[in-house]
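Listed below are the residues making up each chain.
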Amino acid sequence: MKKRYKIAIIKGDGIGPEIIDEAIKVLDAVSTNEDFELSYDEYLMGGCAYDVKGTPLPDETIEGCLKSDAVLFGAIGGQKWDTLPRQFRPESGLLKLRKSLGLFANLRPTSVFDELLDASTLKPEVLKGVDLFVVRELTGGIYFGEPRGSDGVKAFNTMVYTKDEIIRIAKVAFESAMKRRKQVCSVDKANVLEVSQFWRDTVIEVAKEYPQVTLTHMYVDNAAMQLVRNPRQFDVILTGNIFGDILSDEASMISGSIGLLPSASVGGKVGLFEPIHGSAPDIAGQGIANPIATILSASMMLRFALNESKAADRIEKAVKHVLKDGYRTKDLSEFNAKEICSTSQIGSIIADCVANI
Ligand code: NAD
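Small disclaimer: the values here were computed from a predicted structure and weren't measured.

Some words on the packing of aromatic side chains
What the rule picks out here adds up to five aromatic pairs. The side chain of R168 reaches across the aromatic face of F104, ending 4.1 Å from its centre.

As for the site of the ligand
The immediate surroundings of the ligand are formed by 21 residues, with E91, G278, A280, D282 and N290 found nearest. Between the ligand and E274, the relevant distance is 3.2 Å, taken from a nitrogen atom to a side-chain nitrogen or oxygen of the residue. Contact between the ligand and A280: an oxygen atom at 2.8 Å from a main-chain N or O atom of the residue. Here the ligand, which alone exposes 810 Å², has 67% of that area covered by the protein. Put simply, the parts of the chain that give the shell around the ligand at least two residues each are β3 (70–75) and α4 (90–100). Class assignment of the residues belonging to the shell around the ligand gives a composition of ten nonpolar, seven polar and four charged.

A look at the domain arrangement of the protein chain
According to the domain assignment, the protein chain contains domain 1 (1–103 + 256–357) and domain 2 (121–253). Of note, the centres of domain 1 and domain 2, computed from C-alpha atoms alone, are 25 Å apart. Taken together, the contacts link nine residues of domain 1 with six residues of domain 2. Summed over both sides, the interface between domain 1 and domain 2 buries roughly 720 Å², with carbon and sulfur atoms accounting for 68% of that surface. Taken as a group, K99, L103 and G256 account for 45% of the area that domain 1 buries against domain 2, more than any other trio of residues on that side. At the junction of domain 1 and domain 2, the tally comes to zero salt bridges. Split into classes, the residues belonging to the side of domain 1 that touches domain 2 amount to five nonpolar, two polar and two charged.

Describing helix α10 (residues 292–305)
The first and last C-alpha atoms of α10 sit 19 Å apart over 14 residues, in line with the 20 Å expected at 1.5 Å per residue. Listed in full, the buried residues belonging to α10 are I292, A293, T294, I295, L296, S297, A298, S299, M300, M301 and L302. Note on α10: the residue one or two positions beyond its end, N307, has a positive phi of about 60°.

A word on the side chain of E274
Residue position: E274 is located in strand β12 (residues 271–275). Looking at E274, the relative accessible area reads 6%, which means it is buried. Once residues within four sequence positions are removed from consideration, E274 is found in contact with F73, G74, L94, R98, P262, S263, S265 and S297.

What about the packing of helix α8 (residues 220–229) against helix α9 (residues 241–252)?
Put simply, α8 and α9 touch, their axes get as near as 10 Å, and they point 10° apart. In terms of axis orientation, α8 runs roughly parallel to α9. Between α8 and α9, the residues in contact are V220, A223, A224, L227 and V228 and F243, L247, E250 and A251, respectively. Taken together, the residues of the contact of α8 with α9 break down into eight nonpolar, no polar and one charged.

Each value, and the rule that gives it
Per chain, residues are indexed from 1 in the order of the written sequence. Restriction of local features to residues with pLDDT of at least 70 applies here, the model being predicted, together with a cutoff of 80 or more for giving and counting side-chain atom pairs; totals for whole chains, interfaces and linings are based on all residues. Only hydrogens and water are set aside when side-chain values are computed; all heavy atoms of the structure are taken into account. Planes of paired rings set the category: under 30 degrees apart is stacked, over 60 is edge-to-face and the rest tilted, where pairs are Phe, Tyr or Trp rings (Trp by its six-membered ring) whose centres lie within 6.5 Å. For a lysine, the NZ atom is tested; for an arginine, the CZ atom; a charge sits over a ring if that atom is within 6 Å of the ring centre and within 35 degrees of the ring normal. When we say a residue is near a molecule or strand, we mean one of its heavy atoms is within 4 Å of it. Polar contact is the term for a pair of N or O atoms within 3.5 Å; when the atoms are in protein, one must be able to donate a hydrogen and the other to accept it, and sequence-neighboring residues count only if both atoms are side-chain atoms. Computed with the Shrake-Rupley method and a 1.4 Å probe, the accessible areas treat only the protein chains shown as cover for residues. Labels follow the DSSP assignment, with helices taken as runs of H or I lasting at least four residues and strands as runs of E lasting at least two, numbered in each case from the N terminus. Gly is placed with the polar residues, together with every amino acid not listed as nonpolar (Ala, Val, Leu, Ile, Met, Phe, Trp, Tyr, Cys and Pro) or charged (Asp, Glu, Lys and Arg). The split into domains, and so the bounds of each, comes from an automatic or database assignment of domains. What makes two residues a contact is simply this: any of their non-hydrogen atoms within 4.5 Å. Summed over both partners, the accessible area (1.4 Å probe) lost when two parts come together is defined as the buried area. Should a side-chain nitrogen of Lys or Arg be within 4 Å of a carboxyl oxygen of Asp or Glu, the pair is scored as a salt bridge. Expected span of a helix: the number of residues minus one, times 1.5 Å. Per-residue accessibility, obtained with a 1.4 Å probe over protein chains only, is compared with the maximum for each type, and a residue is labelled buried under 20%, exposed over 50%, and partly exposed between these values. Here the axes come from fitting lines to C-alpha atoms, over the contacting stretch only for helices, and the angles between their N-to-C directions go from 0 to 180 degrees. Under this scheme an angle from 65 to 115 degrees is roughly perpendicular, one under 35 degrees roughly parallel, and one over 145 degrees roughly antiparallel; angles in between are oblique.

And the structure:
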C-alpha cells in the first residue's frame, strides 16, 4: 500500500493561486510513479482570509496546518490591504503562522542554472557553479528581543540569543552540510556585538559533534561583500535573523530571477514551504508568473518534510531539463528562450517531464 501524506495548501493572494496550481500539477505527476500519495486540504491566509473571515489567519488555518504533514504556501499581500491596522494586514498572518508552527529555521538554497547565467546582474564567470544554502534563524534575535520601543526622543531594539536557540539552529546548519559539501560558514559581528561572540563560541561547541564538517567564521560586512565577489566559496551559510534576512535576499539575486528560488521554514512540528517572492500583484491574473520557485519549494517539501528525496531529485532534474530545452516564462524571456510559456504551460511541461524521469 502506498504511503499517504496530507498537505495543507495555502494559495494566498495575487499570483499565489496560479503558482500553487502548477506546483500541485507537478506533485501529482511525480507521485504517480512513487510509493506515496498526496492529499490536499486548502486553507485561507492573507488578504483573502481577511476579506472572508475578518482576520488574515483564521484559527482553522492553524489547526489544519498542525494536522498536516507539511504546508505548501504561495504568497500573500497586496495594496488593497496595505492601509489596514497592522494586526489585520496579510503579513501579520504569515508571521503568526510561522510562530504558531514553531518554525525557527529558514532554509534558502541558491544555485545557478547554466542556461540562465546571463540573467543575473553578476558576471557569468563569477556565478558558474554556485550552489549555496543559507540557514537563517527565524524566531529570535533583534526582530523579537525585548525591551523594544520608542519614546519620541529615542528608539531601541534588543538583540538577544539564548544558548539553546543557537544550538538548535547550528545543528540544522551542520546537518544540512553533512548532506552537501560539508562546509559551514557562520556569519556574525563578533568584533562588535557580545551576542555575536556568544553565537560564535556556541557554534564552535556544536561543531565538535560534527568532526567531518569544516567550520569557518565571517563578519557579516565581509560576507555581504564575499557573496558578490566570489559566491562559489560558500556551501552552508549559518546566520541569525537580521543578518540572514539581508544576506539571503542578496544571495537570491545571484540566480537572476526572483521567480526561481524556493525556501523552507522548518524546526517545528510541521514545515512550511514557499517561494521567496511575494504575491506580485502587478502581474496577478495574467498567466505570466513564473511558477518554478513554487515547484522547487514543493521539491524541498518532499525532501525535508516527507523524506522523499528521490521524488525531490526528479522534480529538480525536470526543472533543469525544461530550462535547458529553452522553455521560459516572460520574466526570463530574454535569456536563451526557445519558447515563451504561460504559467500553466510551463507547469504542464515540467509535469510531463517529471513523469518521464
Ligand atoms: P514581489 O516579490 O511580489 O514582486 C517583486 C517583483 O518581482 C514584481 O515586479 C513582480 O512582478 C516580480 N515577481 C515576483 N514573483 C514573480 C514570479 N513568480 N514570476 C515573475 N515575476 C515575479 O514583491 P513586492 O512587489 O515588493 O510585494 C508585493 C506584495 O507581496 C506585498 O504586499 C508584499 O508585502 C508581499 N510579500 C509577500 C511575501 C510572502 O508572501 N512571503 C514576501 C514578500 C512580499
